[in-house]
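# A closer look at the structure
Listed here are the chains, written in short residue letters.
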Amino acid sequence: MRRISIFGATGSIGQSTIDLIRRDREAYDVVALTGGGNIARLAQDAIDLGAKVAVTAYEDRLSELRAALSGTGIEAAAGDAALIEAADREVDWFMSAIVGAAGLAPGLRALRHGKTLALANKESLVTAGPLLMDTAKEQGARILPVDSEHSAVFQGLVGENPAEVERVIITASGGPFRDWSLEQLEGATLEQACKHPSWDMGQRITIDSASMFNKALEIIETKEYFGFSPDQIEVLVHPGSYVHALVGFRDGALMAHLGAPDMRHAIGYALHWPERRDLPVERLDLAKVGQLRFEAPDEIRFPALRLAREVMATGGLAGTVFNAAKEAALDLFIARKIGFPDMARLVERVLTEMSAGVSLRVNALSLETILEADKEARARVFDLKAA
Ligand code: NAD
Ligand code: MG
């Protein structure tokens, strides 16, 4: 039996992971499941999967979780320290599917055991790419990408020599505002931003897809995970979301990865790697799809893409600041305190301010420096809003 833990188990990726585990229940020994405020879901899944421990991120929800698990023998715990303690329990496969930079510390801890970290939490790589990748190397642990584009690139590289790769193209659906004008974007509402045309995902990544901040994070994620240089990484808008990524080689060949837009593909690939197993995903009927459309991305209407390039050029703590400022600006948009395009404006201002002050080009990044810069960037977003 493979020992596994799922962090962010109650979310969209967590639930898709659990769906795959349930179909082959006997093969897995579930150690820890974690979630946030959805205590009923967390407790029910912990009971169904026979987990050893269930952890909610919220300390004030501990008594509720305890009550839901009473008599089951499953441990209940809450708060950041409990998340770290649960991440410290040795497993063979660890799913990192918390949303946001909050997923970094548990993921780093899980790498200590030198096993496999399935990484959906792209924010870890944006905020602390070198720290995460170096820790994996030092510990002899393996990180497998779970983002659909990065899983696609990973699959496109199997059996290839990375030195022969000329470029990598990650696709973007373009989101609900793909053909909106700048003027229309000014009035975009929360409800409109939460409607994704092709993927069913958590609320935060859905809004990030509408603003293209998700693709901006993914450009940086591609650089940090695979080590390609920024000018090798391209973005292509592909509204159907059938082609997830393409890898281009020095002889001009382009290898594309296609599949239905269903995260169980990328999750299942990381779960069974290096094997391929049957997955309950729709098989593409390309005759029915008929045509594949592609467009160049527009960095004027979606400035997040331009900012990602600037972040990569700056290096050091710029990724940390970019991610944290984006998370804070997204909080404000969700709270209806700022407009849709204000998110990119605030992120750009904080990046400019923090590059002008203390240098972001710090080389050796520790978790402490990263958390400090993260905190400062969030505070600056709220200060700018208040001013
Ligand atoms: P989600 O909002 O549906 O779920 C997030 C999970 O994290 C929940 O279990 C929630 O309780 C937990 N959580 C939230 N804040 C937390 C905190 N501060 N501390 C501890 N736990 C916390 O999100 P999702 O869509 O499943 O995305 C999860 C991660 O996977 C994100 O990094 C996202 O970018 C990435 N991802 C998601 C998809 C997708 O299809 N949903 C695709 C690619 C990558
Ligand atoms: Mg993606």
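Further up the page is the structure itself.
Residues numbered from 1 in each chain as written. Chains lettered and ligands numbered in written order. Predicted model: local features only at pLDDT ≥ 70, side-chain atom pairs only at ≥ 80, totals over all residues. Heavy atoms only, no water.

### Details of the overall build of the chain
When helices and strands are tallied, the chain shows 17 helices and 11 strands. The C-alpha radius of gyration computed for the chain amounts to 20 Å, which stays within 12% of the reference 21 Å derived for 387 residues, consistent with globular compactness. Dimensions of the chain, computed from the C-alpha atoms along their principal axes, are close to 55 × 55 × 40 Å. For the chain, the residues scored as buried account for 53% of the 387 residues in total. Taking all contacts inside the chain whose residues are at least 6 apart in sequence as the whole, residues at least 24 apart take part in 67%. About 16,700 Å² of surface is accessible on the chain, with carbon and sulfur atoms providing 50% of the total. Taking the average place of the 42 positive charges on the side chains of the chain and the average place of its 54 negative ones, the gap between the two points comes to 2 Å. (Helix = DSSP H or I, 4+ residues; strand = E, 2+ residues; numbered from the N terminus. Rg over C-alpha atoms; globule rule 2.2 N^0.38 Å. Buried < 20%, exposed > 50% of the residue type's maximum accessible area, 1.4 Å probe, protein only. Contact = heavy atoms within 4.5 Å. Areas by Shrake-Rupley, 256 points an atom, 1.4 Å probe, with all protein chains shown as cover. Lys, Arg positive; Asp, Glu negative; His and termini not counted. Charge placed at Lys NZ, Arg CZ, Asp CG, Glu CD.)

### Brief notes about the sheet that holds strand 2 (residues 28-35)
Pairing is parallel across the open sheet formed by 7 strands, whose spatial order is 4-3-2-1-5-6-7. Here the strands that pair on one side only, and so sit at the sheet edges, are strand 4 (75-78) and strand 7 (142-145). Pairs of neighbouring strands in the sheet enclose a mean axial angle of 20°, with direction left out of account. Looking at chain direction, strand 6 (residues 116-119) and strand 7 are connected through 4 bridges and run parallel. The partner of A118 across the bridge, within strand 7, is L144. (Pairing = 2+ DSSP bridges. Axes fitted to C-alpha atoms, helices over the stretch in contact; angles between N-to-C directions.)

### Points about the nonpolar core
In terms of nonpolar packing, the biggest core is built from 128 residues, with L33, M95, V153, F177, F322, F340 and M343 touching the most fellow members. The element contributing the most residues to this core is helix 15 (residues 318-334), with 10 residues. Those residues in contact with L33, other than ones at most four positions away along the chain, are I6, A9, L42, D45, A46, L49, A51, V53, A54 and V55. (Core = buried A, V, L, I, M, F, W, Y, C linked by side-chain atoms within 4.5 Å.)

### Side note on the site of ligand 1
If you check the shell around ligand 1, you find 23 residues, and the closest are T10, S12, I13, G36 and E123. One of the side-chain nitrogen or oxygen atoms of E123 is found 2.6 Å away from an oxygen atom of ligand 1. Put simply, the parts of the chain that give the shell around ligand 1 at least two residues each are helix 1 (12-22) and helix 6 (122-139). (Near = heavy atom within 4 Å. Polar contact = N/O pair within 3.5 Å; in protein donor to acceptor, adjacent residues only side chain to side chain.)

### A closer look at a negative patch on the surface
Together, E160, E164, E166 and D251 give the surface a local cluster of negative charge. With respect to the secondary-structure elements, D251 resides in the loop between strand 10 (243-249) and strand 11 (254-258). Note on D251: relative accessible area 63%, which makes it exposed. (Patch = residues over 30% accessible without salt bridge, like charges linked within 9 Å, V, L, I, M, F, W, Y side chains within 5 Å. Salt bridge = Lys/Arg side-chain N within 4 Å of Asp/Glu carboxyl O.)

### Let's talk about the coordination of the magnesium ion (ligand 2)
Binding of the magnesium ion (ligand 2) to the protein goes through D147 (OD), E149 (OE) and E218 (OE), at separations of 2.1 to 2.3 Å. As a motif over one chain, the donors of the magnesium ion (ligand 2) read D-x1-E-x68-E. Of this pair, E149 sits in helix 7 (residues 148-156) while E218 sits in helix 11 (residues 213-226), placing them 69 residues apart in sequence. Among the residues examined, E149 registers a relative accessible area of 6% and is labelled buried. (Donors = N, O, S within 2.8 Å, 3.2 Å for Na, K, Ca; no water.)

### Digging into the sheet that holds strand 8 (residues 165-172)
Read across the sheet, 4 strands follow the order 9-8-10-11 without closing on themselves; strand pairing throughout is mixed. Edge strands, defined here as strands with exactly one partner in the open sheet, are strand 9 (233-237) and strand 11. Each strand axis lies, on average, 20° off the axis of its neighbour in the sheet, ignoring direction. Summarising the sheet, strand 8 and strand 10 pair through 5 bridges and their orientation is antiparallel. Following the sheet pairing, I169 is matched in strand 10 by L246. Here helix 11 sits on the sheet and contacts strand 8 and strand 9; the angle it forms with strand 8, its principal contact strand, is near 155°.

Just distances and angles here, no functional claims.
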